[in-house]
Amino acid sequence: MIADLKAEFRKLLTVRSTYFIVIASLLIVALFAGLISGFKAAPSDLHSAKLLAEQSTNAVVFVGLILAFAGLLLVGHEYRYNTIMYTLTATNRRYKVLLAKLIAVSTFAIITSLIVTFFSPLCTIIGTHLHGYTISPQTYDYWSILWRCLFCGWGYALYAFILITILRNQIGAIVTFLLVPLIGENILGLLLKHNIKYLPFTAVQAVAAPDNLGNHLNAGHEALVVLVYILVGLVLSTLLFIRRDAN
Amino acid sequence: MITVEHLAKSYKKKQAVSDLSFKVETGKVTGFLGPNGAGKSTTMRLMLGLDTGGGKTMFDGKRLHEYDRPAQMVGILLEAKAFHPTRKARDHLRILADAGGISRSRVDEVLSEVGLTEVAKSRPGKFSLGMSQRLGIAAAILGKPKYLMLDEPANGLDPEGIAWLREFLKSYADQGNAVFVSSHGLSEIAQMADNVVVIGKGKLIADTSITELLAENGHTGIFVRSPKLAVLERALKAGKATVTHGNGGLRVSGLTTDELGKLAFESSIPIYELSPQKASLEEVFLELTAGSQEFATKKETV
């Protein structure tokens, strides 16, 4: 298992796409949180006591989707470049490979979400200071924000991971992963109305930012909804990963 | 020894591999031959447990995945370009070393063995097919496995590379390992393999040594040229030999070269050429797999 873990972490850290995704995410955060919400913010926006808390949660809700691509590519590249045959021949149990990938993806998602959680309000503080603004006193519930942001980033990553493990087609998984939260759930929301809170991406976004969307369960309950999706997805993807031909 | 027993695999209505059984002996190179679409790659994938299907493959009496470190038991090369194009060659091998529980020092050793030390830090996306094959071979031998399973390893290699591969695989087998190699390069197989497994349409056609295969299936004989062909032909037929015409001479079977030479001398027939003829592996292969080609070319008649 340790061997599988070492291999998966090395896979993640030896491709340029991982670094590109992290840098792009941080640049996006810097642009939105530092420039738009900080340097160019309207003075009235700076009176909110939740300004910095919202910078944390909004950043993870947005760039968490991008960061999840690193995990998607970790699995997608294996099938695209057929290195999966080496991976599965080197191990004596397929589930070990899947578990190692799951741990690698989760670790990456949690660490990068943690960085984004604190980088975003930092950018806003720097932006406002550079412009000479003063932010009003802030309410920042560290533990609540922290678990919600990390859970959101992890949830996105797991959705992407499950999707690519089931589809095994990189382009198909990327398109699906983008279309479902950005278009699919919005359209479904018109039909489901209040029940939109039970859709997977809406639920994971609501964990981090429950106030943004309204009519939602509290963060803890939304997290349970997400966990159900992840659990079902993992069971399905594990069964398929173990039983299907490796191509 | 690798023991393959009753392998079977079907895709929807097509039977890709059917009740295939054979053995791959240690200390020998075993060639794996078959026309395109015969099921060679599928067979290899089934043997490795990459594809699911019927039958079983035992490596020294155990299934591959019963070993703690399968990568140290079997080294594989099933596809030349099986690597991430922008991951450095050395990193690609380090990942395989990590996954297989193999010492990282082996990475530089195998890169040196296959002649890729200078491009160890390069991204293999721009490698030629020959360089990719070398990287694949490096990956296969990384864990010093007892068994090597290689699918078309000579594809894209230059003549020097092919000669190196041939000698390498022979010496690898000589060290008590087994090499199972599929190839369309029949002359290569003829030069390096001790045994051969031939399949067609997913079914076993032959599982024997190269020597026996050629002896049992090839048309051996003697080619002879003479200015007195008609006289020679009569003399040979009187001597109970079988004679056919071709290439400006006679093809004779049923006599040794010594006997033919003596007969010609006694009949005062001058001989310009007298050479033993052996069937090539290619001839035997084509004869054995006739009718088993999945994608045969259409022969046009003029």
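Parameters and conventions
- Residues numbered from 1 in each chain as written.
- Chains lettered and ligands numbered in written order.
- Predicted model: local features only at pLDDT ≥ 70, side-chain atom pairs only at ≥ 80, totals over all residues.
- Helix = DSSP H or I, 4+ residues; strand = E, 2+ residues; numbered from the N terminus.
- Buried ≥ 20, exposed ≤ 12 C-beta atoms within 10 Å, placed from the backbone.
- Contact = placed C-beta atoms within 7 Å.
- Expected span 1.5 Å × (residues − 1).
- Pairing = 2+ DSSP bridges.
- Domains from an automatic or database assignment.
- Axes fitted to C-alpha atoms, helices over the stretch in contact; angles between N-to-C directions.
- pLDDT = per-residue confidence, 0-100.
- Nonpolar A, V, L, I, M, F, W, Y, C, P; charged D, E, K, R; others polar.
- Parallel < 35°, antiparallel > 145°, perpendicular 65-115°, else oblique.
- Left-handed = near helix turned anticlockwise from the far one by under 90°.

**What to know about the overall build of chain A**
Right, on to step 1. A count of helices and strands for chain A gives 10 helices and 0 strands.
Right, on to step 2. Secondary structure elements in chain A, listed N-terminal to C-terminal, are α-α-α-α-α-α-α-α-α-α.
Right, on to step 3. With the C-alpha coordinates of chain A rotated into their principal frame, the extents come out at 60 × 40 × 30 Å.
Right, on to step 4. The buried share of chain A, reckoned over its 247 residues, is 47%.
Right, on to step 5. For chain A, long-range pairs separated by at least 24 residues make up 80% of all intrachain contacts whose partners lie at least 6 apart in sequence.

**Quick look at helix 3 (residues 51-80) of chain A**
Right, on to step 1. With 30 residues, helix 3 of chain A extends 43 Å between its outermost C-alpha atoms, agreeing within 8% with the 44 Å of an ideal straight helix rising 1.5 Å per residue.
Right, on to step 2. Count one or two residues on from helix 3 of chain A and you reach N82 of chain A, which has phi positive near 60°.

**A short note on helix 2 (residues 89-100) of chain B**
Right, on to step 1. Along its 12 residues, helix 2 of chain B runs 17 Å from first to last C-alpha, staying within 8% of the 16 Å computed at 1.5 Å per residue.
Right, on to step 2. For helix 2 of chain B, the tally of buried residues reaches 12 of 12 residues, placing the bulk of the element in the interior.
Right, on to step 3. Buried within helix 2 of chain B are the following residues: A89, R90, D91, H92, L93, R94, I95, L96, A97, D98, A99 and G100 of chain B.
Right, on to step 4. Lining the buried residues of helix 2 of chain B we find helix 1 (2-13) and helix 4 (84-90) of chain A together with helix 3 (105-113) and helix 4 (129-141) of chain B.

**Description of the environment of K170 of chain B**
All names here are of chain B.
Right, on to step 1. As for its position among the elements, K170 is in helix 5 (residues 159-174).
Right, on to step 2. Sequence separation between K170 and G27 is 143 residues; the distance between their C-alpha atoms is 8.9 Å.
Right, on to step 3. With sequence-adjacent residues up to four places away left out, K170 is seen in contact with V29 and M192.

**Re the pairing of strand 1 (residues 2-11) of chain B**
Residue and element names in this part refer to chain B.
Right, on to step 1. As judged from the 7 bridges shared by strand 1 and strand 2 (residues 14-24), these two strands associate in the antiparallel manner. By the bridge assignment for strand 2, I2 is matched with V24.
Right, on to step 2. The turn linking strand 1 back onto strand 2 is made up of 2 residues, and K12 within it adopts a positive phi angle of 50°.
Right, on to step 3. The pairing of strand 1 with strand 4 (residues 54-59) spans 5 bridges and is classified as antiparallel. Pairing of T3 across the sheet is with M58, part of strand 4.

**Considering the domain arrangement of chain B**
One frequently used descriptor of interface size is the decrease in accessible area upon assembly of the parts.
Right, on to step 1. Segmenting chain B into domains produces domain 1 (2-215) and domain 2 (221-277).
Right, on to step 2. Here the C-alpha centre of domain 2 of chain B lies 46 Å away from the C-alpha centre of domain 1 of chain B.

**A word on the sheet that holds strand 7 (residues 178-182) of chain B**
Residues and elements named next belong to chain B.
Right, on to step 1. An order of 5-6-7-3-8-9 is seen for the 6 strands of this open sheet, with the pairing classed as mixed. Of all the strands in the sheet, the pair left with one neighbour each is strand 5 (74-77) and strand 9 (203-209). Neighbouring strand axes in the sheet, compared pairwise and without regard to direction, differ in orientation by 15° on average.
Right, on to step 2. Summarising the sheet, strand 6 (residues 147-151) and strand 7 pair through 5 bridges and their orientation is parallel. Note on strand 7: the bridge partner recorded for Y147 is A178.
Right, on to step 3. Packed onto the sheet, helix 5 meets strand 3 (29-33), strand 6 and strand 7 and runs at close to 145° relative to strand 7.

**Points about the pairing of strand 5 of chain B**
Residue and element names in this part refer to chain B.
Right, on to step 1. Burial of the side chains of strand 5 extends over both faces: V74 and I76 are buried on one face and G75 and L77 on the other.
Right, on to step 2. The sheet contact formed by strand 5 and strand 6 spans 4 bridges and is parallel. Each bridged residue has a counterpart across the sheet, and for V74 the counterpart in strand 6 is Y147.

**Some remarks on the confidence of the model for chain B**
All names here are of chain B.
Right, on to step 1. Summary statistics for chain B give a mean pLDDT of 87 and a share of 95% for residues scoring 70 or more.
Right, on to step 2. Highest mean pLDDT in chain B belongs to helix 2 (94); lowest belongs to helix 7 (residues 210-217) (74).
Right, on to step 3. If you check the scores for this complex, the pTM reads 0.83 and the ipTM reads 0.86.

**Regarding the environment of L77 of chain B**
Residue and element names in this part refer to chain B.
Right, on to step 1. Within the secondary structure layout, L77 lies in strand 5.
Right, on to step 2. For L77, a count of 24 C-beta atoms within 10 Å corresponds to the buried category.
Right, on to step 3. As for L77 and E152, which are separated by 75 residues in sequence, their C-alpha atoms are 8.3 Å apart.
Right, on to step 4. Sequence-distant contacts of L77, that is, excluding residues within four places in its chain, are made with G136, I137, A139, A140, L150, D151 and P153.

**Observations concerning the interface of chain B and chain A**
Right, on to step 1. With 27 residues of chain B in contact, the opposing surface of chain A contributes 24 residues.
Right, on to step 2. Taken together, the elements giving at least two residues each to the side of chain B that touches chain A come down to strand 5 and helix 2 of chain B.
Right, on to step 3. The element contributing the most residues to the side of chain B that touches chain A is helix 2 of chain B, with 7 residues.
Right, on to step 4. Residues belonging to the side of chain B that touches chain A are distributed by class as follows: 14 nonpolar, 6 polar and 7 charged.

**Some thoughts on unusual backbone geometry**
With the exception of glycine, most residues fall at negative phi, and the peptide bonds are largely trans.
Residue and element names in this part refer to chain B.
Right, on to step 1. Look at K12: it is not a glycine, yet its phi comes out positive at around 50°.
Right, on to step 2. Exposure remark for K12: the 4 C-beta atoms within 10 Å place this residue in the exposed category.
Right, on to step 3. Of note, E152 is a non-glycine position whose phi angle comes to about 50°, a positive value.
Right, on to step 4. You can see E152 is positioned in the loop between strand 6 and helix 5.

**Let's talk about the sheet that holds strand 1 of chain B**
Residues and elements named next belong to chain B.
Right, on to step 1. Read from one edge of the open sheet, 3 strands run 2-1-4, paired in antiparallel fashion. Since the sheet does not close on itself, it has two edges, and those belong to strand 2 and strand 4, each with one partner. Each neighbouring strand pair of the sheet contributes to a mean axis angle of 15°, computed without reference to strand direction.

**Things to note about the packing of helix 3 of chain A against helix 7 (residues 170-192) of chain A**
Residue and element names in this part refer to chain A.
Right, on to step 1. Interaxial distance between helix 3 and helix 7 falls to 9 Å at its minimum, and their mutual angle equals 155°. For the element pair helix 3 / helix 7, the angle class is roughly antiparallel. With respect to the hand of their crossing, helix 3 and helix 7 are arranged in right-handed fashion. For the pair helix 3 and helix 7, the contacting residues are L65, L72, G76 and R80 in the first and Q170, A173, I174, F177 and P181 in the second.
Right, on to step 2. Residue classes in the contact of helix 3 with helix 7 are distributed as 6 nonpolar, 2 polar and 1 charged.

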